[in-house]
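The residues making up each chain are set out below.
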Amino acid sequence: MVLNGRVAIVTGASRGIGRAIAISLAQKGAAVLVNYAGRADAAAEVAEVIRGAGGRVLVYQADVADPKGAEAMVKAAQAEFGKVDILVNNAGITRDNLIFRMKDEDWDAVLGASLKGAFNCIKVAARGMFKNHYGRIINISSVAGLTGNSGQANYSAAKAGLIGLTKAMAKELGSRNITVNAIAPGFIDTEMTAGLPEGVKENMLTQVPLKRFGRPEEVAELAAYLASDVAGYITGQTITIDGGMVCV
Ligand code: NAP
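This is a predicted model, so every value here is computed, not measured.

How each quantity is defined
Residues numbered from 1 in each chain as written. Predicted model: local features only at pLDDT ≥ 70, side-chain atom pairs only at ≥ 80, totals over all residues. Heavy atoms only, no water. Near = heavy atom within 4 Å. Polar contact = N/O pair within 3.5 Å; in protein donor to acceptor, adjacent residues only side chain to side chain. Helix = DSSP H or I, 4+ residues; strand = E, 2+ residues; numbered from the N terminus. Nonpolar A, V, L, I, M, F, W, Y, C, P; charged D, E, K, R; others polar. Pairing = 2+ DSSP bridges. Axes fitted to C-alpha atoms, helices over the stretch in contact; angles between N-to-C directions. Contact = heavy atoms within 4.5 Å. Buried < 20%, exposed > 50% of the residue type's maximum accessible area, 1.4 Å probe, protein only. Right-handed = clockwise from strand over helix to strand, strands pointing away. Patch = residues over 30% accessible without salt bridge, like charges linked within 9 Å, V, L, I, M, F, W, Y side chains within 5 Å. Areas by Shrake-Rupley, 256 points an atom, 1.4 Å probe, with all protein chains shown as cover. Salt bridge = Lys/Arg side-chain N within 4 Å of Asp/Glu carboxyl O. Lys, Arg positive; Asp, Glu negative; His and termini not counted. Charge placed at Lys NZ, Arg CZ, Asp CG, Glu CD. Parallel < 35°, antiparallel > 145°, perpendicular 65-115°, else oblique. Left-handed = near helix turned anticlockwise from the far one by under 90°. Expected span 1.5 Å × (residues − 1). Arc of directions from axis to C-beta.

Asker: Pulling in residues and values, what's your account of the site of the ligand?
Answerer: Near the ligand, the surroundings consist of 32 residues, among which Ser14, Gly38, Asn90, Tyr155 and Thr190 are the closest. Contacts to the ligand include Gly12, whose backbone N or O atom sits 3.1 Å from an oxygen atom. Take Ser14: an N or O atom from its side chain is 2.6 Å from an oxygen atom of the ligand. At the level of elements, helix H1 (16-27), strand S2 (31-36), helix H6 (153-173) and helix H7 (191-194) are the ones that each hand at least two residues to the shell around the ligand. Ranked by residues supplied to the shell around the ligand, first place goes to H7 with three residues. Looking at the shell around the ligand residue by residue, the class counts come to 15 nonpolar, 12 polar and five charged.

As structure tokens, this is what we get:
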């Protein structure tokens, strides 16, 4: 159990990639705060899975885009489990549109959930990590943040911003044994991609050498590795997990 004694917060852990990360960290021994925005039923199911396997879990509703919500969430984890060692900034949404049609609120919502959300959570969680001389921060970016995507100005900007935030934080927090890395998934089989038309999915797969969508559990294993002690000399990096789509 490589994460025995560790405490993790996973934002947006009620579904998809966040759900898989929360379950994986718990399976490896961490106590986990499962954050969600609106889907209490889905978050409760994740908690059931973790508890059923003997893990420790706290379910917490918070919109991470709201600084007060993010702060209260980190404090709740500290109150329940005593500290926060691992922060996975996974919460994210899409509001796709061409730039001329993109509404201000779609820009703000996407940047808010992903980039501002990560900033809000790091700001509070890193304080305790700083005191404890230990921390693992993992930001879930996207290949869209590396390459850009037509129709995703907001999402691409948010995900590229997360990569910059990752690099800055790695430099700022490294002296206290806090590592900060980003994961850039390609096409992963979740509700975020489930709604895409079949034709779009087929077209996407032509860009993927491995010819399939990734599974949330595959992203979760990478996150669990970065969250573990053995990844202690990796920081400031963006690791793609995309079936070979983007080679940088
Ligand atoms: P998903 O299935 O749509 O799940 C999104 C999760 O984020 C849900 O748990 C949702 O909570 C939560 N969330 C949304 N806004 C939030 C907010 N403001 N505060 C707190 N939680 C919030 O998405 P996914 O596909 O697993 O994606 C997870 C992350 O990976 C995202 O950052 C996404 O951009 C990134 N990513 C995904 C793919 C992909 O192909 N799927 C590729 C690259 C990157 P509720 O259930 O309560 O709504």
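Moving on, there is more to tell.
Asker: Could you give an account of the sheet that holds S2, with specific residues and numbers?
Answerer: An order of S3-S2-S1-S4-S5-S6-S7 is seen for the seven strands of this open sheet, with the pairing classed as parallel. On the outer flanks of this sheet lie strand S3 (57-61) and strand S7 (238-241), each paired with one strand and no other. Pairwise comparison of adjacent strand axes, ignoring direction, gives a mean angle of 15 degrees for this sheet. Packing of helix H4 (residues 104-132) onto the sheet brings it into contact with strand S4 (86-89), strand S5 (135-140) and strand S6 (178-185), and relative to S4 it is tilted by some 175 degrees.

Asker: Break down the pairing of S2 for me, with residues and values.
Answerer: Counting buried positions along S2 gives six out of six residues, so the element sits mostly inside the fold. Alternating positions in S2 separate into two faces, Ala31, Leu33 and Asn35 on one and Val32, Val34 and Tyr36 on the other, with burial throughout. As paired elements, strand S1 (residues 7-10) and S2 share four bridges and run parallel to each other. Within S2, the position partnered with Val7 by the bridge is Ala31. In this fold, S1 hands off to H1, which returns the chain to S2; that crossover is right-handed. Summarising the sheet, S2 and S3 pair through five bridges and their orientation is parallel. Considered in S3, the bridge of Leu33 is made with Leu58. Each parallel crossover has a hand, and the one from S2 via helix H2 (residues 40-52) to S3 is right-handed.

Asker: Provide a residue-level description of a positive patch on the surface, including the pertinent values.
Answerer: A grouping of Lys116, Lys123, Arg127 and Lys131 is seen on the molecular surface, where their side chains present a positively charged patch. Classification of Lys116 by relative accessible area gives partly exposed; the value is 37%.

Asker: Residues and numbers for the packing of H4 against H6, please.
Answerer: Where H4 meets H6, the closest approach of the two axes is 8 Å, and the angle between their N-to-C directions is 15 degrees. With respect to H6, the axis of H4 lies roughly parallel. With respect to the hand of their crossing, H4 and H6 are arranged in right-handed fashion. Residues Asp106, Trp107, Val110, Leu111, Ser114, Leu115, Ala118, Phe119, Ile122, Ala126 and Phe130 of H4 form the contact with H6, whose participating residues are Ala153, Asn154, Tyr155, Ala157, Ala158, Lys159, Gly161, Leu162, Leu165, Met169 and Leu173.

Asker: Describe helix H3 (residues 67-81), and please don't skip the residues or the numbers.
Answerer: Here H3 is 15 residues long and its end C-alpha atoms lie 21 Å apart, about the 21 Å a rise of 1.5 Å per residue gives. Among all positions of H3, only Gly69, Ala70, Met73, Val74, Ala76, Ala77 and Phe81 are buried. The buried residues of H3 occupy an angular sector of 155 degrees when the element is viewed end-on, so they sit on one face. Exposed and facing more than 90 degrees away from the buried side of H3 are Lys68 and Ala79.

Asker: Tell me about H4, residues and numbers included.
Answerer: Along its 29 residues, H4 runs 40 Å from first to last C-alpha, staying within 8% of the 42 Å computed at 1.5 Å per residue. Two residues or fewer past H4, His133 is found with a positive phi of approximately 55 degrees.

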